[in-house]
Amino acid sequence: MSVVDLRSDTVTKPTPAMRRVMADAEVGDDVYGEDPSVNRLQEYVADLLGQEAALFVPSGTMANQIAIHCHTQPGDELICEAQSHILDYEMGGAAALSGVSARPLAGEAGVITAAQIAAAIRPPVYYFPRTRLVVLENTHNLAGGTVWPLPEIQKIRDLAVSTSLRMHLDGARLWNACVAGGLAPSQYAGLFDSVSVCFSKGLGAPVGSALVGSQEFIAAARRCRKRFGGGMRQAGILAAAALFALEHNRDRLAEDHAHAAQLAQALAEMPGLRVDLARVQTNIVMIDVIDPKREAAAISAALKLEGVWVSSAGIRRLRAVTHYEITAGDLARTLEVFRRVLKD
């Protein structure tokens, strides 16, 4: 039985064209800075995001944690939204790796305001931690792939400048935000001191993220990457895949967004389910189970038996993510199986 895998946009396989590019990649030792494919990718990403320099790293988590480490000192505090990836899915990395505590703020659809942040900044009293960093996430994963409004980020940037705060963007799915909002990546990235972007979410590369910032920041980040175990040797094979993904797969993200909207609309009409259609802005669909007799894990298990894989994102919440391997036929089959499982 074939599988419709909607668990995440990280489950995609490299296309034959991407594999050919990987096989033909020119490589060298990147720890020495001698891998031409890695260097080409870093230059391309830095230019795309309007920043001075970029660093290729194995994962988005490493990119975020390097940024936190380079922007802070042990004992500092960062501000983030209460359901941020850095808070829920990075194993307490800020505390474990950098000695930094987090002050989470409850957002609306993953968005916190400049006013909230201003109220959360610690007074300059010696017995408080020093508020040093603001981390935003765009798109916001647990809010359902929602997109940050650029004017609110600008307000936060103005606050950060006036209070000497640094800003980092967890832009794992920034490509989706840009396609959804019709904005260039540099329009978002220009408001931050550092930005992480991912190549294996949505774009279809098998591995890798990048961290961008000033020349000075990236020089410090390179040292930190080595300390964290992220120094890679002939990484050009992976960098070539990431570069191919950037050049060929960004614009087509609009198709994933359209598929997510179709899926959300149909699921919202099914008895026992609820979907907040206003939050389906990119490729993630959060599905609330409102039938008190059903739980998400049981529905997910029943769907899987019929070849439709979705994630359980809570006791009564399911998560489905569209990507380039999902076709119109896959959506039709998914909806058919959902109807059958809910009826049974």
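Overview of the structure. Predicted model, so just to flag it, every value in this text is computed and none were measured. (Residues numbered from 1 in each chain as written. Predicted model: local features only at pLDDT ≥ 70, side-chain atom pairs only at ≥ 80, totals over all residues. Heavy atoms only, no water.)

Quick word on the side chain of H140
Moving on, step 1. Tracing the backbone through its elements, the reader meets H140 in the loop between β5 (131-137) and α7 (150-163).
Moving on, step 2. Under the relative-accessibility criterion, H140 is labelled buried at 1%.
Moving on, step 3. Each residue touching H140, except ones within four places of it in the same chain, is listed here: E81, Q83, S84, A109, G110, G145 and T146. (Helix = DSSP H or I, 4+ residues; strand = E, 2+ residues; numbered from the N terminus. Buried < 20%, exposed > 50% of the residue type's maximum accessible area, 1.4 Å probe, protein only. Contact = heavy atoms within 4.5 Å.)

Things to note about the sheet that holds strand β7 (residues 194-198)
Moving on, step 1. The strand order across the open sheet formed by seven strands is β2-β8-β7-β6-β5-β3-β4, and the pairing between neighbours is mixed. Both outer strands of the open sheet, β2 (53-57) and β4 (101-105), are each paired with one neighbouring strand and no more. Adjacent strand axes in the sheet meet at a mean angle of 20° when their direction is disregarded.
Moving on, step 2. As paired elements, strand β3 (residues 77-81) and β5 share four bridges and run parallel to each other. If you follow I79 over to β5, its bridge partner there is V134.
Moving on, step 3. Packing of helix α2 (residues 36-48) onto the sheet brings it into contact with β2, β7 and β8 (209-213), and relative to β2 it is tilted by some 130°.
Moving on, step 4. Most of the contacts of helix α8 (residues 174-181) go to β7, to which it runs at about 90°, and overall it touches β6 (166-171) and β7. (Pairing = 2+ DSSP bridges. Axes fitted to C-alpha atoms, helices over the stretch in contact; angles between N-to-C directions.)

A few points about the packing of aromatic side chains
In this description, a pair of aromatic rings is defined by centroid distance and the angle of the planes.
Moving on, step 1. What the rule picks out here adds up to three aromatic pairs.
Moving on, step 2. Here F56 and F199 contribute two aromatic rings whose centre-to-centre distance is 6.2 Å and whose plane-to-plane angle is 40°, an arrangement assigned as tilted. Of this pair, F56 sits in strand β2 while F199 sits in the loop between β7 and β8, and the two are 143 residues apart along the sequence. Across the pair, exposure class does not vary: F56 and F199 are buried alike. (Phe/Tyr/Trp six-rings, centres within 6.5 Å; stacked < 30°, edge-to-face > 60°.)

Looking at helix α12 (residues 253-268)
Moving on, step 1. Between its terminal C-alpha atoms α12 stretches 23 Å, which fits the 22 Å expected from 16 residues at 1.5 Å a residue.
Moving on, step 2. For α12, the set of buried residues is L253, D256, H257, H259, A260, L263, A264, A266 and L267. (Expected span 1.5 Å × (residues − 1).)

Observations regarding the pattern of salt bridges
Side chains carrying opposite charge are able to pair once their charged atoms draw close together.
Moving on, step 1. In the structure shown here, the tally under the stated rule is 14 salt bridges.
Moving on, step 2. Residue E306 pairs with R340 through a salt bridge whose shortest N-O separation is 2.5 Å. Of this pair, E306 sits in the loop between α13 (296-305) and β11 (308-309) while R340 sits in helix α14 (residues 328-343), placing them 34 residues apart in sequence.
Moving on, step 3. Residues participating in the shared-partner salt-bridge network are E108, D276 and R279. (Salt bridge = Lys/Arg side-chain N within 4 Å of Asp/Glu carboxyl O.)

Comments concerning the environment of G236
Moving on, step 1. With respect to the helices and strands, G236 occurs in helix α11 (residues 236-248).
Moving on, step 2. With 26 residues separating them in the primary sequence, G236 and A210 have C-alpha atoms 14 Å apart.
Moving on, step 3. Beyond its immediate stretch of four places on either side in the chain, G236 contacts A25, E26, V27, D35, S37 and V38.

Quick notes on the nonpolar core
The nonpolar side chains of a soluble globular protein tend to be buried, and buried together.
Moving on, step 1. One finds V45, L49, L136 and F199 to be the most contacted residues of the largest nonpolar core, which totals 53 residues.
Moving on, step 2. Per-element tally for this core: the top contributor is α11, with seven residues.
Moving on, step 3. Residues in contact with V45, not counting those within four places in the same chain, are A54, V197, F199, A210, V212 and L246.
Moving on, step 4. Within the second largest apolar cluster, 28 residues are counted, among which are L263, A264, I326 and V341. (Core = buried A, V, L, I, M, F, W, Y, C linked by side-chain atoms within 4.5 Å.)

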